[in-house]
Amino acid sequence: SWTTGNVIEEQVAAIREQVGTKRAICGLSGGVDSAVAAALVQRAIGDQLTCVYVDHGLMRKGETEQVEKDFVAATGVQLKVVDAEERFLNALKGVSDPEEKRKIIGREFIRVFEQAQAEIIAEAGSGAEAVEFLVQGTLYPDVVESGGGTGTANIKSHHNVGGLPEDLEFKLIEPLRQLFKDEVRMVGQELGLPDEIVQRQPFPGPGLGIRIVGEVTKERLDLLREADAIAREELTAAGLDRDIWQCPVVLLADVRSVGVQGDGRTYGHPIVLRPVSSEDAMTADWSRLPYDVLGRISTRITNEVDEVNRVVLDITSKPPGTIEWE
Ligand code: XMP
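Residues numbered from 1 in each chain as written. Predicted model: local features only at pLDDT ≥ 70, side-chain atom pairs only at ≥ 80, totals over all residues.

Peer 1: Please explain the overall build of the protein chain as it appears in this structure.
Peer 2: Scanning the protein chain from N- to C-terminus turns up 10 helices and 12 strands. In terms of overall dimensions, the protein chain is globule-like: its C-alpha atoms have a radius of gyration of 20 Å, near the 20 Å expected for 326 residues. Taking the principal axes of the C-alpha coordinates as reference, the protein chain spans close to 70 × 45 × 40 Å. Every one of the 326 residues in the protein chain was classed for burial, and the buried ones make up 40%. The long-range fraction of contacts in the protein chain, counting pairs at least 24 apart against all pairs at least 6 apart in sequence, stands at 75%. (Helix = DSSP H or I, 4+ residues; strand = E, 2+ residues; numbered from the N terminus. Rg over C-alpha atoms; globule rule 2.2 N^0.38 Å. Buried ≥ 20, exposed ≤ 12 C-beta atoms within 10 Å, placed from the backbone. Contact = placed C-beta atoms within 7 Å.)

Put into structure tokens, the structure is as follows:
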């Protein structure tokens, strides 16, 4: 029968067997999945694992600092932080198509990993074993929705499944490939990860890059980061962050509408709030958030975020909508 203990035991044995004396790296995204995958692989191979956190500039406010502090504190893992903002923003320049964005982000992730791999070997000195393996926190729903499951159409290229380049140099370790999110959380808990990591709401690997409808620019990212931070702050203050599955905050960068603020006309962008409740992200319903909380978020965003003059609420379930807008 299924227990978290069994899953951990089986995976630890399988990973040890697969990796032998070689090395592995694991991309940390700040999310639950990669954190649990990393902790599991660390349990199996200890210091043969190096975690790489790619700061692609598409992160939310405070996210990088949180990974640097909380995850390292909880696991003692070897962590390498790569500042790759410029690289990602250059690669995304002029691109508005969602699938193209996802593929570019997936490709750049791998390129950064390859570079990190070379650096890790150099730092380890001569005679060091090769970094042959890449650990990914791919879950069962990611596999299914990227068309890797049983005859399902490709809905989106999750950056860690369909978004990988064809000339990938790494062998993959995906210890969570058969699990759903709630199971991953249980495994994480059993591995001793703190609640702040295990109970985090999901956040997609491509980050805010797929929450800007239109081209991704630094200015737009900064704007969205502000709006997102406000929404998260108010949801947490209202004690709702555990009730909802997640609440993407989306910037409609190619849309403008007329408004009025102070004594002048504005012509700004809308922000979409997308609070959903779900068991496993395969299906979802829109969350019936209290009006006063929605009101506070709306007032603060329109007051505090430049260029945003309207906040709208997404009341679509999944299907037919997906959770993310891209
Ligand atoms: P959708 O938008 O497909 O999202 O309904 C389902 C869940 O998956 C997350 N998501 C991703 N997670 N890489 C990830 O790690 C991705 O490329 C990706 N795309 C979507 C999304 O936030 C939701 O929880």
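More follows now that the structure is in view.
Peer 1: When you look at unusual backbone geometry in this model, what are you seeing that I'm missing?
Peer 2: It is generally the case that most residues other than glycine have a negative phi and that most peptide bonds are trans. A cis geometry characterises the amide bond from K318 onward to P319, with omega recorded as -10°. Mapped onto the elements of the fold, P319 is located in the segment after β12 (308-313). The omega torsion across P319 and P320 is 10°, close enough to zero to call that bond cis. Within the fold, P320 resides in the segment after β12. Even without being glycine, A281 reaches a positive phi, approximately 70°.

Peer 1: Any chance you could explain the domain arrangement of the protein chain here in plain terms?
Peer 2: One frequent convention defines the size of an interface as the accessible area lost when the parts assemble. Split into domains, the protein chain comes out as domain 1 (4-198) and domain 2 (211-313). Centre-to-centre, using C-alpha coordinates, domain 1 lies 28 Å away from domain 2. Opposite the 13 residues of domain 1 that make contact, domain 2 presents 11 residues. Its residues placed into classes, the side of domain 1 that touches domain 2 shows six nonpolar, three polar and four charged. (Domains from an automatic or database assignment. Nonpolar A, V, L, I, M, F, W, Y, C, P; charged D, E, K, R; others polar.)

Peer 1: How do you make sense of the environment of M186 when you look at a structure like this?
Peer 2: Inspection of the secondary structure puts M186 in helix α7 (residues 181-190). A count of 17 C-beta atoms within 10 Å places M186 in the partly exposed class. The sequence separation of M186 and A74 amounts to 112 residues, and the corresponding C-alpha distance is 16 Å.

Peer 1: What should I look at first to understand the nonpolar core in this one?
Peer 2: Soluble globular proteins tend to bury their nonpolar side chains together. With 71 residues, the main nonpolar core has A24, C26, V36, A38, V41 and A227 as its most contacted residues. For this core, the element with the highest residue contribution is helix α2 (residues 32-45), accounting for 10 residues. If we skip the residues at most four places from it in the chain, C26 touches S34, A37, A38, V41, L49, C51, V52 and V135. (Core = buried A, V, L, I, M, F, W, Y, C linked by C-beta atoms within 7 Å.)

Peer 1: Explain the UniProt feature "binding site: ATP" (unreviewed entry) in the protein chain to me, please; I cannot follow it from the model alone.
Peer 2: The sites that carry the UniProt feature "binding site: ATP" (unreviewed entry) are, in the present numbering, S29, G30, G31, V32, D33, S34 and A35. Setting aside chain neighbours within four positions, we find G30 in contact with M59, E63, Q66, V67 and F203. By C-beta crowding, A35 is classed as buried, having 29 other C-beta atoms within 10 Å. For A35, the contacting residues outside a window of four places in its chain are L28, F71, G188, L193 and I197. (UniProt positions renumbered as here; feature names shortened; annotations may be inferred.)

Peer 1: Explain the confidence of the model for the protein chain here, please?
Peer 2: It should be kept in mind that the predicted coordinates are not to be read in detail where pLDDT is low. Overall, the prediction assigns the protein chain a mean pLDDT of 91, with 93% of residues at 70 or greater. A low-confidence stretch, residues 149-153 (pLDDT under 50), is modelled with five contacts involving residues beyond four sequence positions or located in other chains. Across the assembled chains, the prediction reports ipTM 0.99 with pTM 0.87. (pLDDT = per-residue confidence, 0-100.)

Peer 1: When you look at the sheet that holds strand β3 (residues 79-83) in this model, what are you seeing that I'm missing?
Peer 2: Either a parallel or an antiparallel arrangement is found when strands of a sheet pair, and the pairing is made through backbone hydrogen bonds. The strand order across the open sheet formed by five strands is β3-β2-β1-β4-β5, and the pairing between neighbours is parallel. Looking at the sheet topology across the chains shown, the edges are occupied by β3 and β5 (171-173). Each adjacent strand pair in this sheet contributes to an overall mean axis angle of 30°, direction not counted. Of the pairings in the sheet, the one linking strand β1 (residues 23-28) to strand β4 (residues 131-135) comprises four bridges and is parallel in character. Across the sheet, R23 pairs through a bridge with V131, a residue of β4. (Pairing = 2+ DSSP bridges. Axes fitted to C-alpha atoms, helices over the stretch in contact; angles between N-to-C directions.)

Peer 1: I keep staring at α7 and nothing clicks. Help me out?
Peer 2: In an α-helix, one full turn covers 3.6 residues, which means residues spaced three or four apart are oriented alike. Along α7, the positions that sit buried rather than exposed are K181, V184, R185, V187 and G188. Taken end-on, α7 shows its buried residues confined to a sector of 160°, consistent with a single buried face. Once α7 ends, the next one or two residues include G192, with phi positive near 90°. (Arc of directions from axis to C-beta.)

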